Amino acid sequence: MAESPVKKIVIEEAPPEVPPEAPPEAPPRKLPDIRVERLYISLSKTYVYSGEAVRATVTAYLEKKPFEAKYSLPVYVYADGSKIGEGKIVFPIGSDRQKKDFKLTLYCPPGRHEITYKVYAETPDYAKPVV
Amino acid sequence: MVRSNVVEVRVVAAYKLTLKAARYTRWGELLPLEGVRIPVRDAIYFSLIKECYTPCEVVITANVPVRLIAPKKHLGYVFVEWSDGERSNDRVITMNRNIELEARYAPG
């Protein structure tokens, strides 16, 4: 009687599973700057004595509301081209309009009875996110 | 840079007028007298600048003549002189510097 063929079963160890590589972390998304749409200044008084303090209120309007972070905007106040005040306006999330008060003191130069100053504010074109 | 609107501010030279009052005691000392009414008026138009009750301070535009009228009598005291020696209770001064004046009274 012929012998039935012997089936040779070879058990091979399965190669170790290599866990799939985790995808590389995406770099943090850089939040865009937001453009300043408009700037407005108002004064508590437009006729003052030399050395008298006057309050200036600067209101800045952004092109759109910040949604993912607060935004910061430096503000400078000038009188006849000379800087007389500076500060920073912070826009919280959801607000595209913020104001800041400045206390200004203007003087009449010696020898002059009166002087008229042109007061205005300036900011950079864009507000930047606060990281 | 973004620039705002421009606002013009007029700044005028001014000086401070400080008004006080005092009374002489029988021994010649000077003691402060509060609440003496000395109206400060524009000397040309006689308009009231401030109703002063001593001690008081008022800021007045430079070179403006102001008229001061201290009361001749106040609570049993009579006006004697101002601290700079002026003997008239009704006087005009020109604000060309910071000025401090004291109206002096003696027992009436």
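As shown above, the structure is provided for reference.
Described below are features of the structure shown in this document. Here the structure is a predicted model, which is why all the values come from computation and not from measurement. (Residues numbered from 1 in each chain as written. Chains lettered and ligands numbered in written order. Predicted model: local features only at pLDDT ≥ 70, side-chain atom pairs only at ≥ 80, totals over all residues. Heavy atoms only, no water.)

1. Observations concerning the overall build of chain B
Threshold: Comment: elements are numbered from the N terminus, with helices defined as DSSP H or I runs of at least four residues and strands as E runs of at least two. Here's how the labels work: a residue is buried when its accessible area is under 20% of the maximum for its type, exposed when over 50%, partly exposed in between, all with a 1.4 Å probe on protein chains only. Contacts: residue pairs with any heavy atoms within 4.5 Å of one another. Methods summary: accessible areas were calculated by the Shrake-Rupley approach with a probe of 1.4 Å, and residue burial reflects only the protein chains presented.
When you go through chain B residue by residue, the secondary structure sums to zero helices and 12 strands. Buried residues in chain B amount to 44% of all 108 residues. Put simply, 58% of the contacts in chain B that link residues at least 6 apart link residues at least 24 apart. Taken as a whole, chain B presents about 6000 Å² of accessible surface, with 49% of it coming from carbon and sulfur.

2. A word on the environment of A:Pro129
Residue and element names in this part refer to chain A. Relative to the helices and strands, Pro-129 resides in strand β8 (residues 126–129). Residues Pro-129 and Pro-66, 63 residues apart in the sequence, show an inter-C-alpha distance of 8.5 Å. In contact with Pro-129, other than residues within four places in its own chain, are Leu-31, Pro-32, Asp-33, Ala-69, Lys-70 and Tyr-71.

3. Some remarks on the state of the cysteines
Residues and elements named next belong to chain B. Cut-off, in case you're wondering: For this text, the term disulfide refers to a pair of cysteine sulfurs within 2.5 Å.
Evaluated as defined, the whole model comprises one disulfide over all chains. The disulfide that involves Cys-52 links it to Cys-56, with 1.7 Å between the sulfurs. Looking down the S-S bond of the Cys-52 and Cys-56 bridge, the torsion is 80 degrees, so its handedness is right-handed. Each member of the pair Cys-52 and Cys-56 is classed as buried.

4. Some remarks on the pattern of salt bridges
Selection criterion: Each reported salt bridge corresponds to a side-chain nitrogen of Lys or Arg within 4 Å of a carboxyl oxygen of Asp or Glu.
Going through the model one piece at a time under the given rule, you end up with 14 salt bridges over all chains. In this structure, the salt-bridge partner of B:Arg3 is A:Glu122, at a minimum N-O distance of 3.0 Å. Taken as a pair, B:Arg3 in strand β1 (residues 2–3) and A:Glu122 in strand β7 (residues 114–123) lie in two separate chains rather than in one. We classify A:Glu122 as buried; its relative accessible area is 12%.

5. Remarks on the interface of chain A and chain B
So the rule is basically this: By buried area we mean the combined loss of accessible area, with a 1.4 Å probe, across both parts when two parts are placed together. Classes in brief: Ala, Val, Leu, Ile, Met, Phe, Trp, Tyr, Cys and Pro nonpolar; Asp, Glu, Lys and Arg charged; the others, Gly included, polar.
The partner chain B presents 19 residues to the 29 residues of chain A that form the contact. By the criterion of area lost to chain B, the three top residues of chain A are A:Tyr47, A:Tyr49 and A:His113, representing 23% of everything that side buries. Summed over the shared surface of chain A and chain B, the number is three salt bridges. Measuring nitrogen to oxygen at the nearest pair gives 2.8 Å for the salt bridge that ties B:Arg10 to A:Glu114. A per-element tally of the side of chain A that touches chain B places β7(A) first, with 10 residues. Of the residues assigned to the side of chain A that touches chain B, the class counts are 18 nonpolar, five polar and six charged.

6. Points about the nonpolar core
The criterion, for reference: Here, nonpolar core refers to any group of buried Ala, Val, Leu, Ile, Met, Phe, Trp, Tyr and Cys residues whose side-chain atoms link them within 4.5 Å.
A:Ile41, A:Leu43, A:Val58, A:Leu104, A:Val119 and B:Val11 are the most contacted members of the largest nonpolar core, which totals 35 residues. When residues of this core are traced back to their parent elements, those giving at least two are β1 (34–43), β3 (53–62), β4 (71–79), β5 (82–91), β6 (97–105) and β7 of chain A together with β2 (7–12) of chain B. Here A:Leu43 is in contact with A:Val54, A:Arg55, A:Ala56, A:Leu104, A:Val119, B:Val7 and B:Val9, once residues within four sequence places are set aside. Counting 24 residues, the second largest nonpolar core, distinct from the first, contains B:Leu17, B:Ile60, B:Phe79 and B:Met95.

7. So, the sheet that holds strand β5 (residues 37–42) of chain B
All names here are of chain B. Put simply, the rule is: Only strands that DSSP links by at least two bridges are regarded as paired with each other. Here the axes come from fitting lines to C-alpha atoms, over the contacting stretch only for helices, and the angles between their N-to-C directions go from 0 to 180 degrees.
Pairing is antiparallel across the open sheet formed by four strands, whose spatial order is β6-β5-β8-β11. In this open sheet, the two strands that pair with only one neighbour each are β6 (48–53) and β11 (90–94). Sheet twist, expressed as the average angle between the axes of neighbouring strands with direction ignored, equals 20 degrees. Inspection of the sheet shows β5 paired to strand β8 (residues 65–69) by three bridges, in the antiparallel sense. Bridged to Arg-41 within β8 is Arg-67.

8. As for the side chain of A:Thr59
Residue and element names in this part refer to chain A. With respect to the helices, strands and loops of the structure, Thr-59 is situated in strand β3. Residue Thr-59 is classed as buried on the basis of its relative accessible area of 8%. The residues touching Thr-59, leaving out its near neighbours within four places in the chain, are Arg-38, Leu-39, Tyr-40, Arg-97, Gln-98 and Lys-99.

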